[in-house]
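# What the coordinates show
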Amino acid sequence: MTEIIAGVEIPETQAAAEATVLIRETTNPLIFHHSRRVFLFSTLRARELGLRPDPELLYLSALFHDTGLLTPFSDVEQRFELDGADRARKFLLDRGFSDAAAELVWTAIALHTTPGIPGRMGDEVAATNFGVLTDVVGLGLDGLDPDQVGEITAAHPRGDFKNEFLRAFVDGLSYRPDTTYGTVNADVLKHFVPGFRSVSMVDRITGSAWSA
């Protein structure tokens, strides 16, 4: 039976089904429910803005977008967004998706915390970012149907989302603080980690190897 939440149909493809099981079993309720809400909000925001993202690629982008906050998925220390993007790309390529589709999902995940740029890119990249912004900071929430919002949060409860999500960022980033340079992620560590000071662009310029 087709699963429909707030007028949004959950993709029924084999890859979507496998991703649902994988993310549910390898993350936690916080990330799983957040990721599904992001897909639902992404779809609603896309309709509002006249975007036409591929539902399956949007779903996979949403499901994998925060997986890098949990267990590292790479052999190098890198931004958590890249961990999630790399994992998603491998997932797609292993299932026969085209290189173009895998790169599109990679880009949507890699840029989902970057202000300003995703909204000017392709529909999947833009919609993923808009869905994240709606669920995390409430951007565009006032323009959505309250009944649809209520249906989404009933299917995927927020619980103590604000505090739990911030804690997930601290837990996922505090052991690799240098990867937060130049990102919104540094704001979280600055607030919660005593003594944390992000290197600034001023530091990098004045401390460079150049004499002037």
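Look up a bit, the structure's there.
Notes on the structure in this doc start here. Every chain is numbered independently, its residues counted from 1 as its sequence is written. Only residues with pLDDT of 70 or above have their local features reported here, since the model is predicted, and side-chain atom pairs are shown and tallied only from 80 upward, although totals for entire chains, interfaces and linings are computed over all residues. Hydrogens and waters are ignored; side-chain quantities use all the structure's heavy atoms.

On to the packing of helix 1 (residues 14-26) against helix 3 (residues 55-64). Any two packed helices are characterised by the angle at which their axes cross and by the distance between the axes. Relative to each other, helix 1 and helix 3 sit at 10 degrees, their axes nearing to 10 Å. Looking at the two axes, helix 1 sits roughly parallel to helix 3. Along its contact with helix 1, which presents Ala15, Ala16, Ala19, Thr20, Leu22 and Ile23, the element helix 3 presents Glu56, Tyr59, Leu60, Leu63 and Phe64. Broken down by class, the residue content of the contact of helix 1 with helix 3 amounts to nine nonpolar, one polar and one charged. Between the N-to-C directions of two axes lies an angle of 0 to 180 degrees, each axis being a line fitted to C-alpha atoms and, for a helix, fitted only over the stretch in contact. Numbered from the N terminus, helices here are DSSP runs of H or I no shorter than four residues, and strands are runs of E no shorter than two. When an angle is under 35 degrees it counts as roughly parallel; over 145 it counts as roughly antiparallel; between 65 and 115 it counts as roughly perpendicular; any other value is oblique. Should any heavy atoms of two residues lie within 4.5 Å, those residues are counted as being in contact. When residue character is reported, Ala, Val, Leu, Ile, Met, Phe, Trp, Tyr, Cys and Pro are called nonpolar, Asp, Glu, Lys and Arg charged, and the others, Gly included, polar.

The next thing to look at is the environment of tyrosine 175. Tracing the sequence through the fold places tyrosine 175 in the loop between helix 8 (161-173) and helix 9 (185-192). Linking tyrosine 175 and glutamate 77, residues 98 residues apart in sequence, is a C-alpha distance of 9.7 Å. Residues adjacent in sequence count toward polar contacts only when both atoms are side-chain atoms; beyond that, a polar contact is any pair of N or O atoms within 3.5 Å, and within protein one must be able to donate a hydrogen and the other to accept it. Of note is the side chain of tyrosine 175, whose polar atom sits 3.3 Å from the side chain of arginine 176.

Moving on to the nonpolar core. If you look at the biggest cluster of nonpolar residues, it comprises 37 residues, and the most contacted ones within it are Phe39, Leu40, Phe64, Phe91, Leu92, Phe97 and Ile152. When residues of this core are traced back to their parent elements, those giving at least two are helix 1, helix 2 (29-49), helix 3, helix 4 (80-94), helix 5 (99-110), helix 6 (123-137) and helix 7 (146-155). Ignoring sequence-local partners within four residues, the contact set of phenylalanine 64 consists of Ala19, Leu22, Ile23, Gly84, Arg87, Ala88, Phe91 and Ile109. Side-chain atoms within 4.5 Å are what join buried Ala, Val, Leu, Ile, Met, Phe, Trp, Tyr and Cys residues into a set we call a nonpolar core. Categorising residues by exposure relies on relative accessible area from a 1.4 Å probe, with only protein chains included: less than 20% of the type maximum marks a residue as buried, more than 50% marks it as exposed, and the intermediate range marks it as partly exposed. The next biggest cluster of nonpolar side chains, apart from the first, holds 14 residues, and it includes Leu69, Phe161, Leu173 and Ala186.

In this section: helix 9. Taken together, the buried positions of helix 9 are Asn185, Ala186, Val188 and Leu189. Along the axis of helix 9, the buried positions cluster into a sector of 155 degrees, meaning they face one direction only. Exposed positions of helix 9 whose direction lies more than 90 degrees from the buried face are Asp187, Lys190 and His191. On its buried face, helix 9 is in contact with helix 4 and helix 8. Each direction from the helix axis to a C-beta atom contributes to the arc, which is the arc of those directions.

Structurally, arginine 87 can be placed in helix 4. Buried charge without a partner: arginine 87 forms no salt bridge, and the closest opposite charge is glutamate 25, 9.2 Å away. Apart from the residues lying within four places of it in its own chain, the contact partners of arginine 87 are Leu22, Ile23, Thr26, Phe64, Thr67 and Phe73. Within this scheme the basic residues Lys and Arg register as positive and the acidic residues Asp and Glu register as negative, but His and the chain ends are omitted. By definition, a salt bridge exists where a carboxyl oxygen of Asp or Glu is found within 4 Å of a side-chain nitrogen of Lys or Arg.

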